[in-house]
Amino acid sequence: VLGAGLLQQPLIAEGVASGFKVIALDQNPEAFARESASQFIAVQIADATQVITALKPYQAELVFVCTIATDFTHIVAQVNEAFGLAGTNIRQSEVLTHKGKMRDFCREHNHLHPPYICTQSKEDCIQWAAQNPCADGFVIKPVQNMGARGVMFLQSAEELAFAFEFAAHFDKNGQVIFEHYIPAREISVDALCYEGQVFLTGVADRLIEIKDRHFFIENGHTLPGNFTETEYAAIQQTMQRYADSLSTLSNKLYHGALKGDLRLTGDNKIVIGEIAGRLSGGFMSTHTYPAAHGRNLMQMYIRLMLSAR
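This write-up is about the structure you can find in this document. (Residues numbered from 1 in each chain as written. Predicted model: local features only at pLDDT ≥ 70, side-chain atom pairs only at ≥ 80, totals over all residues. Heavy atoms only, no water.)

A few words on helix α4 (residues 90-97). Three or more residues of α4 are buried, namely Q92, S93, V95, L96 and T97. Of the surrounding secondary structure, the elements contacted by the buried residues of α4 are α3 (73-83), α5 (99-108), α8 (229-247), β10 (256-264) and β11 (270-276). Among the residues of α4, the N-terminal cap falls to N89, whose side-chain oxygen and the backbone nitrogen of R91 are separated by 3.2 Å. (Buried < 20%, exposed > 50% of the residue type's maximum accessible area, 1.4 Å probe, protein only. Helix = DSSP H or I, 4+ residues; strand = E, 2+ residues; numbered from the N terminus. Contact = heavy atoms within 4.5 Å. Polar contact = N/O pair within 3.5 Å; in protein donor to acceptor, adjacent residues only side chain to side chain.)

Okay, the sheet that holds β10 next. Spatial ordering of the open sheet is given by β9-β8-β7-β10-β11, a layout of 5 strands whose pairing is antiparallel. The sheet is open, and its two borders are formed by β9 (215-222) and β11, each paired with just one other strand. Each adjacent strand pair in this sheet contributes to an overall mean axis angle of 30 degrees, direction not counted. Pairing of β10 with β11, which is carried by 6 bridges, proceeds in the antiparallel orientation. Considered in β11, the bridge of L262 is made with I272. (Pairing = 2+ DSSP bridges. Axes fitted to C-alpha atoms, helices over the stretch in contact; angles between N-to-C directions.)

A word on unusual backbone geometry. A negative phi angle is the norm for most residues apart from glycine, just as the trans form is the norm for most peptide bonds. Cis rather than trans, the peptide bond between L223 and P224 has omega equal to 0 degrees. The phi torsion at A69 lies on the positive side, around 65 degrees, for a residue other than glycine. Looking at the secondary structure, you find A69 in the loop between α2 (48-55) and α3.

This part takes up the pairing of strand β4 (residues 138-142). Successive residues of a regular strand alternate their side chains across the two faces of the sheet. Counting buried residues along β4, 5 of its 5 residues qualify, which places the element largely inside the surrounding structure. With burial as the criterion, each face of β4 is covered, one bearing F138, I140 and P142 and the other bearing V139 and K141. Strand direction decides the pairing type here: β4 and strand β5 (residues 152-154), joined by 3 bridges, are antiparallel. From the neighbouring strand, F138 faces β5, where its bridge partner is L154. Of the strand pairs in this sheet, β4 and strand β6 (residues 176-180) are connected by 5 bridges, and their pairing is antiparallel. In the sheet register, I140 faces β6, and the bridge partner there is F178.

This part is about the sheet that holds strand β3 (residues 116-119). Taken together, 4 strands build an open sheet; the order of strands is β3-β6-β4-β5 and the sheet is antiparallel. The open sheet has two edge strands, β3 and β5, and neither has a second partner. Across the sheet, the mean angle separating the axes of adjacent strands is 20 degrees when strand polarity is ignored. As paired strands, β3 and β6 are joined by 4 bridges and run antiparallel to one another. Following the sheet pairing, I117 is matched in β6 by F178.

Our next topic: the packing of aromatic side chains. Tallying each qualifying case throughout the model produces 9 aromatic pairs. Between F105 and Y242, the ring centres sit 5.4 Å apart and the planes meet at 75 degrees, which makes this aromatic pair edge-to-face. In this pair, F105 is assigned in helix α5 and Y242 in helix α8, connecting sequence segments 137 residues apart. Take Y242: its relative accessible area is 0%, and that puts it in the buried class. Considering the side-chain rings of F153 and Y181, the 5.0 Å spacing of their centres and the 70 degrees angle between planes classify their relative orientation as edge-to-face. Pair noted here: F153 is in strand β5 and Y181 is in the loop between β6 and β7 (185-194), with a separation of 28 residues, a long-range link. By the burial criterion, F153 is buried, and Y181 matches it. Aromatic ring contacts, followed pair by pair, group W128, F138 and F178 into a single cluster. (Phe/Tyr/Trp six-rings, centres within 6.5 Å; stacked < 30°, edge-to-face > 60°.)

Taking 1.5 Å per residue as the helical rise, α8 with its 19 residues ought to reach 27 Å, and the 27 Å between its terminal C-alpha atoms agrees with that figure. Where α8 is buried, its residues touch α4, α5, β7, β8 (197-211), β10 and β11. (Expected span 1.5 Å × (residues − 1).)

This part covers the pattern of salt bridges. Scanning the model with the defined rule gives 17 salt bridges in all. Taking the shortest distance from any N to any O, the salt bridge between D104 and R107 comes out at 3.3 Å. Here D104 pairs with R107, and both are found in helix α5, just 3 residues apart, close to one helical turn. Owing to a relative accessible area of 26%, D104 belongs among the partly exposed residues under this scheme. Looking at R107, the relative accessible area reads 45%, which means it is partly exposed. A salt bridge links R185 to D205, with the shortest nitrogen-to-oxygen separation between them at 2.7 Å. A residue pair is termed long-range when its members are at least 10 positions apart, and R185 in strand β7 and D205 in strand β8 qualify at 20 residues. Residue R185 is classed as partly exposed on the basis of its relative accessible area of 26%. (Salt bridge = Lys/Arg side-chain N within 4 Å of Asp/Glu carboxyl O.)

Structure (structure tokens):
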């Protein structure tokens with residue numbers, strides 16, 4: 001398990017309780033869940049080479065490698081390919097973690113998404129905004145980082161004067177995605193995908209406010225969300241179509257977890273904010289899902305990955 005923090009602890013503990021040897025890796029030698037694991041290795045989990053080197057002595061024992069509540073799916077994929085393990089491959093992981101490549105992927109496969117530009121240039125953003133105005137405002141964010149870090153709402157493109165540097169600072173290559181803001185109901189989705197077939201688990205209303213005119217603050221979520229059958233079916237279809245598209249990047253059907261940040265617009269369209277190749281953080285998959293539904297999603301996820309071929 002990549003990550004041994006508070007949000008990874010339930011998965012680590014469930015793996016051990018299920019009788020498996022669980023190796024947890026984290027760059028923090030005092031990580032919260034280090035003692036819950038069968039074995040703990042202090043290593044920089046953002047560095048694929050370090051992770052692969054650390055796991056090399058255990059290669060013959062490895063059944064699967066995973067993460068939860070972190071955006072290190074691309075590291076998981078590199079380990080999978082290095083050791084010949086089932087699960088997400090590198091091509092899939094790129095569009096599941098890099099927000100610019102994710103938007104390109106959505107465009108190529110006809111998934112509904114906000115108009116956007118991905119760039120390292122403030123001037124490109126300014127020019128694009130002039131050519132693609134949006135009365136509702138804009139959002140700028142680093143292409144590869146977690147949560148709301150570096151993300152800002154801009155009422156107009158003039159606010160790029162300070163927002164571009166803020167967002168670019170949080171990406172290792174100084175690259176941002178600049179896009180139209182879509183006023184909509186915010187939805188958080190956890191799903192398990194068995195050999196290409198998507199099963200929705202948690203579908204929640206996200207409680208998000210814009211603080212100090214610029215910053216998206218998630219105050220929590222309501223699970224289960226209050227959705228009509230038609231809305232629920234549209235969410236299911238959106239996640240299934242995305243899994244179908246991911247399968248085109250491999251020689252087999254997508255198998256694993258999917259975490260969707262979706263938006264339900266006033267005209268009942270589902271717009272993709274982001275879809276990641278993991279289960280959710282923010283205590284949703286680990287705590288509120290079992291509290292709301294009486295099922296252990298960590299156990300379900302482990303069983304899913306054990307069946308990967």
